[in-house]
Amino acid sequence: MSQPSVSSRLDEIRALEADHVLQTYRRNPVALVRGEGVYLYDTEGTKYLDFLSGIGVSSLGHGHPGLAAALADQAGRLAHTSNLFFHPLQGQVAARLARLSGLPRAFFTNSGTEAVEACLKFARRYWHTQGITTRTSYVALDHGFGGRTMGSLSVTWDDHYRAPFKPLIGDVRFVSAEDPAALLAAVDETTAAIIAEPIQGEGGVRPLSPAFADAIRQACAATGALYIADEVQSGLGRTGTPFHFQTLGLAPDLVSIGKALGAGFPVGAALISERVANTISYGDHGTTYGGNLLACRAALVYLEALDEGGLLAHVRRAGAHFEAGLRALAARHPVAADVRGAGLMWGLVLSVDAAPVVPAALARGLIVNRTNERVIRMLPPLVITEAEIDRGLALLDEVLGDVFGSQA
Ligand SMILES: Cc1ncc(COP(=O)(O)O)c(C=O)c1O
């Protein structure tokens, strides 16, 4: 079957969108039409080295033959059933996620924000089922990001995202991740759950410190509050372990995942401990699409690559190589103030606004992202090789020279 007729001209694509697509995204002036491995190609045939993977999503790179074949096969058999029926794949994905995370049950969603919403709801349900109706509040972190739907937005810190949509869920307290004592003071007998990303992504690639992880453990032990680890960005191998909470020695009651799971197909999940799962009943939560056959087939391809395919070990090796190269690059540029991250999730923190870096990188054929104003965020496909990392960092080196001139 042929493709629908589409324009391959950037100006036509932009004009049609300008007329008919809600203008919520300030896009880069590039239309991407094809990908292979860690490379993307635009309408003009220009090649880009992808250091962002669609914000941490294209975990297996682009045009992955195994994923393409599995999705084509599944689309030809059966794409969707709704959750009114069994199908053979949800249990298989859930069992793999249970083995990787230690949390025995999964609820499937279509996105990260829905995974966070599910965790927020399940935390309240946990207390409600026990007849405790006063534990409804959440404690979240400064710089935290949970997504754009009302619940997730309520535990998102940046007022730029929140202000136009207030009132949000009222009982959310934000504390600084630099201040373990503030967390201990904020969590009390009204707290349903603490929610924290083990490495904050949108907020500027900020790993939680061991001292703060310790405070989460203490606060939960002292008050019984649940801990929700939002691993939508940091989870599923991105940092070289299945989940970053494991590196921090945390034992969350709920974990939200998304992004890497479908390797490009939209799928997320809430992972749930037995004690929370035991408080959830039929009908408590649901979604039409969540965990359909296409989504689960994509997730199985990814989880097989992660587990049996050696991807985790690859991320550890490639991540160490990335870190060494990035730190060497930072040392050459006085504008670089800090390097933060783990595995293949990195932020290069500048002493000035990083906004000019993104177009300058595109001009040199490199895709990176700016977040939290001064941070250049890099989330390459997890299959990236050391040679490709060296190529990308060499391009970034040139870009920083283009934009900021001085080399130490
Ligand atoms: C930590 C975290 N949680 C939740 C989300 C929301 O995921 P989605 O954009 O798939 O709704 C994101 C997205 O960037 C994220 O980084």
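Residues numbered from 1 in each chain as written. Predicted model: local features only at pLDDT ≥ 70, side-chain atom pairs only at ≥ 80, totals over all residues.

1. A short note on the site of the ligand
Part 1 of the argument: The full set close to the ligand counts 15 residues, and G112, T113, G147, V232 and Q233 are the nearest of them.
Part 2 of the argument: Per element, the largest residue contribution to the shell around the ligand is 3 residues, and it comes from helix α5 (residues 112-129).
Part 3 of the argument: Of the residues belonging to the shell around the ligand, the class tally is 4 nonpolar, 8 polar and 3 charged. (Near = placed C-beta within 6 Å. Helix = DSSP H or I, 4+ residues; strand = E, 2+ residues; numbered from the N terminus. Nonpolar A, V, L, I, M, F, W, Y, C, P; charged D, E, K, R; others polar.)

2. A word on unusual backbone geometry
Part 1 of the argument: For the bond running from K166 to P167, omega is 5 degrees, close enough to zero to count as cis.
Part 2 of the argument: Looking at the secondary structure, you find P167 in the loop between α7 (159-162) and β6 (172-175).
Part 3 of the argument: Residue K259 is not a glycine yet carries a positive backbone phi of 35 degrees.
Part 4 of the argument: For K259, the position within the fold is in the loop between β11 (254-257) and β12 (268-272).
Part 5 of the argument: On the basis of neighbour counts, which here come to 29 C-beta atoms within 10 Å, the residue K259 falls in the buried class. (Buried ≥ 20, exposed ≤ 12 C-beta atoms within 10 Å, placed from the backbone.)

3. Notes on the pairing of strand β1 (residues 32-36)
Part 1 of the argument: Where β1 meets strand β2 (residues 39-42), 4 bridges bridge the pair, whose relative direction is antiparallel. In the strand pairing of β2, E36 is matched with Y39.
Part 2 of the argument: Hairpin connection between β1 and β2: a loop of 2 residues separates the two successive antiparallel strands, and G37 in this loop has a positive phi of roughly 60 degrees. (Pairing = 2+ DSSP bridges.)

4. Focus: the sheet that holds strand β15 (residues 366-367)
Part 1 of the argument: Here we have 4 strands laid out as an open sheet, ordered β1-β2-β3-β15, and mixed in their pairing. Looking at strand neighbours, the two that pair on one side only are β1 and β15, the edges of this open sheet.
Part 2 of the argument: Both β2 and strand β3 (residues 47-50) contribute to a ladder of 3 bridges, which runs antiparallel. Following the sheet pairing, L40 is matched in β3 by Y48.

5. Notes on helix α15 (residues 386-404)
Part 1 of the argument: The terminal C-alpha atoms of α15 lie 26 Å apart, and with 19 residues this matches the ideal 27 Å at 1.5 Å per residue to within 8%.
Part 2 of the argument: All of the buried residues along α15 are E388, I389, G392, L393, L396, V399 and L400. Around the axis of α15, the buried residues are gathered within 130 degrees of arc, so they sit on the same side.
Part 3 of the argument: In the segment just after α15, G405 is the residue with positive phi, at about 75 degrees. (Expected span 1.5 Å × (residues − 1). Arc of directions from axis to C-beta.)

6. What about the sheet that holds β6?
Part 1 of the argument: The mixed open sheet is built from 7 strands, whose spatial order is β4-β12-β11-β10-β7-β5-β6. The two strands at the open ends of the sheet, each matched to only one other strand, are β4 (105-109) and β6. For this sheet, the mean angle separating the axes of adjacent strands, direction not counted, is 20 degrees.
Part 2 of the argument: Here β4 runs beside β12; their pairing, made up of 5 bridges, is antiparallel. In the sheet register, F108 faces β12, and the bridge partner there is A269. (Axes fitted to C-alpha atoms, helices over the stretch in contact; angles between N-to-C directions.)

7. Examining the domain arrangement of the protein
Part 1 of the argument: Once the domains are mapped, the protein shows domain 1 (10-63 + 310-404) and domain 2 (68-307).
Part 2 of the argument: The gap between the C-alpha centroids of domain 1 and domain 2 is 26 Å.
Part 3 of the argument: Across the contact, 24 residues belong to domain 1 and 23 residues belong to domain 2.
Part 4 of the argument: Taken together, the elements giving at least two residues each to the side of domain 1 that touches domain 2 come down to α13 (311-332), β13 (336-342), β14 (345-350) and β17 (375-378).
Part 5 of the argument: It is α13 that provides the largest number of residues to the side of domain 1 that touches domain 2, a total of 5 residues.
Part 6 of the argument: Split by residue class, the side of domain 1 that touches domain 2 holds 11 nonpolar, 10 polar and 3 charged. (Domains from an automatic or database assignment. Contact = placed C-beta atoms within 7 Å.)

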